[in-house]
Structure formats: C-alpha cells, structure tokens
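Next come the chains, spelled out residue by residue.
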Amino acid sequence: MAKPQVVVAPVLMSKLSVNAPEFYPSSYSNYTESYEDGCEDYPTLSEYVQDFLNHLTEQPGSFETEIEQFAETLNGWVTTDDALQELVELIYQQATSIPNFSYMGARLCNYLSHHLTISPQSGNFRQLLLQRCRTEYEVKDQAAKGDEVTRKRFHAFVLFLGELYLNLEIKGTNGQVTRADILQVGLRELLNALFCNPMDDNLICAVKLLKLTGSVLEDAWKEKGKTDMEEIIQRIENVVLDANCSRDVKQMLLKLVELRSSNWGRVHVTSTYREATPENDPNYFMNEPTFYTSDGVPFTAADPDYQEKYQELLEREDFFPDYEENGTDLSGSGDPYLDDIDDEMDPEIEEAYEKFCLESERKRKQ
C-alpha cells in the first residue's frame with residue numbers, strides 16, 4: 001500500500017486531534033509519518049518538542065520562521081497541567097544541558113510565555129518556568145560547593161537564568177515591558193553563592209554571568225539607588241587578593257573589573273551632532289598650520305592674538321607683491337627695493353625657519 005503524502009491543512013491547530021496527520025508541521029520530515037498497514041505512527045508530545053529543540057540547536061536561524069507554527073501546534077496539544085509541566089521541563093533541561101542553547105532557550109521561553117493560551121490553576125507557562133528555576137535556586141549553596149558534576153549543572157542553570165533575565169519580558173497592565181525583578185534578586189544571590197565558594201570553575205561562571213548581565217544589572221540597581229555592583233566589584237578584588245584561585249582566573253577577574261570601569265564597554269553619545277567649534281571640540285585646532293611672526297615666534301589659530309599676528313604676516317607679505325608662492329621672481333632684475341635686501345637672515349629667524357622646515361618635512365613623511 002502506497003504511503004499518502006501528508007499536507008498541513010489550513011485549519012486552526014486548537015481544533016485538531018492529536019493524532020491527525022495535519023497536526024504536524026510539514027517543514028519537519030520527522031512528523032510527516034503516514035499510515036502503513038492501518039497503523040498510525042506519530043510522535044508523542046515529548047518527542048515532538050524534543051525534536052524541535054534539537055532542530056533549533058542545530059539551526060538557530062530557523063527560530064524566526066518556525067516559532068509561530070510551533071506555538072500554534074502546542075496550543076492544540078498542551079491542554080492539561082501535566083502537558084504544560086512536561087513542556088516546561090523539556091525546555092529547561094535542553095537549556096541547561098546544551099551550553100549553546102541557553103540563549104535560544106530563553107528566547108523560546110519568552111515567546112511561549114506570550115503565545116501559549118493555556119493558563120491552568122497551577123500557573124501559566126512563565127509561572128511554571130519560574131517555579132522550576134526556583135527549585136534549582138533553593139539548593140544553590142549546596143550546589144556551589146558540591147562535586148564537579150553538581151557544580152557544572154549549577155553553572156549551566158546560573159547562565160540560563162542570566163539569559164532569562166535579559167530575554168523574558170513582563171508586560172504590565174499599561175502595556176509597558178519590564179524585566180522580571182525576581183530574577184534580578186536571584187542573580188545577586190547566585191553571585192554570592194559563587195563568590196562564597198571561590199573555586200576556579202565557580203569564579204569563571206561568575207565572570208561569564210557578569211559579562212552577560214553586568215551592564216543591565218548595574219543600570220537597574222542604580223535606578224533603585226542600590227550599590228550592589230560596587231559591592232560585587234569589591235568582592236572580586238578581595239578574591240583576587242586572598243583566594244587560592246589560579247593565576248588565569250585572577251587575570252579573568254581583573255579583566256572583568258577593567259571592563260566594568262569602562263562602563264562595560266559601552267560608548268554613550270552624550271549629545272546630537274554639532275558643528276565643531278573651538279568651544280565644543282578640544283581637537284579643533286589640531287590640524288591647523290603653524291605660522292611665524294617677524295621675530296620667528298610660532299603661532300596657530302589657537303593663539304589668542306592670532307588675528308593680530310596673522311594680519312601682520314599678511315602686511316609683511318604685501319612687501320613682495322611680485323613673488324609667487326614658490327618664490328619665483330616675477331619683477332625681473334634691477335628692482336631697487338629687492339636690490340637692497342640683505343641675503344643673510346637674522347639668526348633667530350633663521351633658527352625658527354629651520355625648525356619650521358624640519359617640522360614640515362616630518363609631517364610630509366607621515
């Protein structure tokens with residue numbers, strides 16, 4: 001018996017049977033299973049979600065084009081508390097077991113928190129997700145001092161929580177979008193747990209978390225008048241001085257302090273574009289030419305007496321109206337005024353001229 005081609009029907013996913021062929025998106029060959037010998041072979045919710053998570057891990061660029069279909073499919077499938085709990089656990093495990101999936105997992109959680117329609121008494125998607133994170137959070141102190149495997153799992157959770165803080169959007173009643181304050185508090189306590197147990201891998205995790213969230217955390221704390229970041233930096237400096245961590249880790253911590261001192265590498269444009277003037281641009285005269293007075297004293301446009309000195313220079317040049325810029329004599333021989341000029345320069349003027357030539361030659365070679 002030939003296998004029929006499965007086509008995604010243009011109907012609402014919420015009205016589809018879990019076993020209907022149209023239930024599975026056509027973009028995934030895994031889900032285009034067909035009937036054979038009268039038997040149906042479709043994936044379970046767990047298999048479907050896990051396949052999609054693996055797909056995103058391998059092809060993160062497909063998120064934008066396929067997330068809407070995925071959410072619609074889940075809305076037709078996740079209709080019970082147990083199914084929602086299973087979905088949350090699958091995403092949580094992927095985000096904390098696959099290092100490169102923490103960011104994508106946080107984006108996925110944010111999207112589903114706004115687009116999944118199920119909201120049972122046990123809590124909606126975001127609430128169940130935060131409850132799952134709290135379970136791990138409550139054992140932070142034991143995890144930070146646990147064995148290597150335990151610490152590694154704990155570090156993955158810490159970094160995922162950092163990504164959640166940056167990506168999980170909370171929409172208020174007035175439509176304003178904010179971050180979850182509970183995650184901000186949680187990250188502060190997680191940093192405490194890491195610094196209280198200054199093993200190399202704990203400190204490396206703290207550095208990664210601060211590089212990821214430091215600028216946002218500090219801005220949020222400053223808005224509330226808190227000095228938490230100052231306390232954290234002081235904690236880091238104490239660790240560098242006292243802890244028995246490796247030289248490489250101490251170097252990482254110092255680099256982090258340096259990054260923070262540079263405002264986390266951010267460059268703020270304090271004003272809109274304005275035309276450069278001597279008043280607002282300290283480099284305004286940087287490329288201005290240098291002139292010399294009759295006494296051989298150099299001056300530039302930045303000199304307070306520039307106009308007066310420059311006018312004197314122009315008047316001196318007017319004594320040579322028949323000389324071109326390159327010094328060619330256009331008046332011919334026998335000019336009574338030129339005949340009276342002494343060929344030798346005044347010593348001070350000669351010295352100033354030599355300096356001028358040397359400086360001009362240096363600039364030309366640059």
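Residues numbered from 1 in each chain as written. Predicted model: local features only at pLDDT ≥ 70, side-chain atom pairs only at ≥ 80, totals over all residues. Heavy atoms only, no water.

Bringing the pattern of salt bridges into the picture now. For the structure shown, the criterion picks out 12 salt bridges. One salt bridge in this structure joins Asp181 and Lys224, with 3.8 Å as the shortest N-O distance. Taken together, the residues span a long stretch of sequence, with Asp181 in helix α8 (residues 181–196) and Lys224 in the loop between α9 (200–223) and α10 (228–242) at a distance of 43 residues. Given a relative accessible area of 46%, Asp181 falls into the partly exposed group. Here Lys222 ties to Glu218 by a salt bridge, and the two come within 3.6 Å at their closest N and O atoms. In this pair, Lys222 and Glu218 are both assigned in helix α9, 4 residues apart and thus about one turn of the helix distant. When its relative accessible area of 55% is taken as the criterion, Lys222 is described as exposed. The class of Glu218 is buried, set by a relative accessible area of 6%. Within this structure, Glu218, Lys222, Glu230 and Arg260 form a network of salt bridges that share partners. (Salt bridge = Lys/Arg side-chain N within 4 Å of Asp/Glu carboxyl O. Helix = DSSP H or I, 4+ residues; strand = E, 2+ residues; numbered from the N terminus. Buried < 20%, exposed > 50% of the residue type's maximum accessible area, 1.4 Å probe, protein only.)

Next up on the list: the packing of helix α2 (residues 63–77) against helix α4 (residues 102–115). Where α2 meets α4, the axes come as close as 11 Å, and the angle between the chain directions of the two elements is 45°. One way to sum up the angle between α2 and α4 is to call them oblique. As for how α2 packs across α4, the hand of that crossing is right-handed. Within the contact between the two elements, α2 uses Phe63, Glu64, Ile67, Glu68, Phe70, Ala71, Leu74 and Asn75 and α4 uses Met104, Arg107, Leu108, Tyr111, Leu112 and His115. When the residues that make up the contact of α2 with α4 are grouped by side-chain class, the tally is 9 nonpolar, 2 polar and 3 charged. (Axes fitted to C-alpha atoms, helices over the stretch in contact; angles between N-to-C directions. Parallel < 35°, antiparallel > 145°, perpendicular 65-115°, else oblique. Left-handed = near helix turned anticlockwise from the far one by under 90°. Contact = heavy atoms within 4.5 Å. Nonpolar A, V, L, I, M, F, W, Y, C, P; charged D, E, K, R; others polar.)

Looking now at α4. With 14 residues, α4 should cover 20 Å at 1.5 Å per step; its first-to-last C-alpha distance of 20 Å lies within 8% of that length. Most of α4 is tucked away, with 10 of its 14 residues classed as buried. All of the buried residues in α4 are Ser102, Met104, Gly105, Ala106, Leu108, Cys109, Asn110, Tyr111, Leu112 and Ser113. On the buried face of α4, the contacting elements are α1 (45–58), α2, α3 (81–97), α5 (125–137), α7 (148–167) and β1 (169–171). (Expected span 1.5 Å × (residues − 1).)

For the rest of this paragraph, the subject is the packing of aromatic side chains. One pass over the structure, following the stated rule, counts 5 aromatic pairs. Seen from their ring centres, Tyr92 and Phe160 are 6.1 Å apart, and the 75° between their planes marks the pair as edge-to-face. Of this pair, Tyr92 sits in helix α3 while Phe160 sits in helix α7, placing them 68 residues apart in sequence. As far as the burial class goes, Tyr92 and Phe160 line up, both buried. (Phe/Tyr/Trp six-rings, centres within 6.5 Å; stacked < 30°, edge-to-face > 60°.)

Before going further, it helps to examine the confidence of the model for the protein. When the pLDDT values of the protein are averaged, the result is 76; 62% of them are 70 or greater. Within the model, pLDDT remains below 50 along residues 1–39, and this stretch shows 62 contacts once partners closer than five positions in the same chain are excluded. Confidence over residues 283–287 falls short of pLDDT 50; this stretch has 6 contacts with residues more than four positions distant or in other chains. (pLDDT = per-residue confidence, 0-100.)

On to the nonpolar core. In terms of nonpolar packing, the biggest core is built from 76 residues, with Leu74, Leu87, Leu112, Phe125, Leu164 and Ile236 touching the most fellow members. It is α9 that provides the largest number of residues to this core, a total of 10 residues. When sequence neighbours within four positions are dropped, the list of residues in contact with Leu164 reads Ala106, Cys109, Leu129, Cys133 and Leu183. (Core = buried A, V, L, I, M, F, W, Y, C linked by side-chain atoms within 4.5 Å.)

Along the chain, Ser46 turns up in helix α1. Among the residues examined, Ser46 registers a relative accessible area of 26% and is labelled partly exposed. Sequence separation between Ser46 and Leu90 is 44 residues, and the spatial gap between their C-alpha atoms is 7.4 Å. Discounting residues that sit within four places of it in the chain, Ser46 has contacts with Glu86 and Leu90.

The subject of this paragraph is the side chain of Ser113. Residue placement: Ser113 occurs in helix α4. With a relative accessible area of 16%, Ser113 lands in the buried category. With sequence-adjacent residues up to four places away left out, Ser113 is seen in contact with Phe125, Arg126 and Leu168.

Here a disulfide denotes a covalent bond joining the sulfur atom of one cysteine to the sulfur atom of another. Tallied over the entire structure, the rule returns 0 disulfides. Here Cys109 stays unpaired: no disulfide links it, and the sulfur of Cys133, its closest cysteine neighbor, is 7.6 Å away. (Disulfide = S-S within 2.5 Å.)

This next bit is on α10. Along its 15 residues, α10 runs 21 Å from first to last C-alpha, staying within 8% of the 21 Å computed at 1.5 Å per residue. Of the positions making up α10, those classed as buried are Asp228, Met229, Ile232, Ile233, Ile236, Val239 and Val240. Buried residues along α10 cover an arc of 140° about the axis, so they all sit on one side. Opposite the packed face of α10, turned more than 90 degrees from it, sit the exposed residues Leu241 and Asp242. (Arc of directions from axis to C-beta.)

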